[in-house]
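Descriptive analysis of the structure
The chain contents come next:
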Amino acid sequence: MGCLENMKYEILARNCSFKEARELIRENSSEVYEVPVGFKLLDKVIIGIPPILVGIKDNKLIYTYTKPCHGTFIVVVDDDPEGIASVVKSGKRIKK
């Protein structure tokens, strides 16, 4: 994977708290995984207060993306199977 700006993505929400982000990820995903602290997507560590959730729906990843000075966003990223496989392998599937 590369930089988010070079990928096809949409912003689901802006300036979310981490609690709001978890709720939105649960609501908008068909599968939800709790990933460990320090987990990387797009070669960047997902920043957040545990539990850190990543959702999957229709071969897309749904997760928090925090940019310093800009806040926390929920992004939906078209992904290759490798990124989804990484989430499934490293994460713990949870009930929505």
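The structure reproduced in this document is the subject of the present report. Nothing here was measured: the structure is a model prediction, and the numbers come from that model. (Residues numbered from 1 in each chain as written. Predicted model: local features only at pLDDT ≥ 70, side-chain atom pairs only at ≥ 80, totals over all residues. Heavy atoms only, no water.)

Note that E10 resides in strand β1 (residues 9-13). When near neighbours in sequence (up to four residues on either side) are disregarded, E10 contacts I74, V75 and V76. (Helix = DSSP H or I, 4+ residues; strand = E, 2+ residues; numbered from the N terminus. Contact = heavy atoms within 4.5 Å.)

Moving on to helix α2 (residues 81-90). Regarding α2, the residues found buried are G83, I84 and V87. For α2, the angular spread of buried residues about the axis comes to 100 degrees, placing them on one side. Opposite the packed face of α2, turned more than 90 degrees from it, sit the exposed residues P81, E82 and K89. Buried residues along α2 sit in contact with β2 (31-35), β3 (40-41), β5 (52-57) and β6 (60-67). (Buried < 20%, exposed > 50% of the residue type's maximum accessible area, 1.4 Å probe, protein only. Arc of directions from axis to C-beta.)

Here the residue pair P50 and P51 is connected by a cis peptide bond, since its omega of 0 degrees sits within 30 degrees of zero. For P51, the position within the fold is in the loop between β4 (44-45) and β5. Phi at N59 is positive, roughly 60 degrees, even though this residue is not glycine. Mapping N59 onto the fold places it in the loop between β5 and β6. A positive phi angle, close to 70 degrees, is found at C69, a residue other than glycine.

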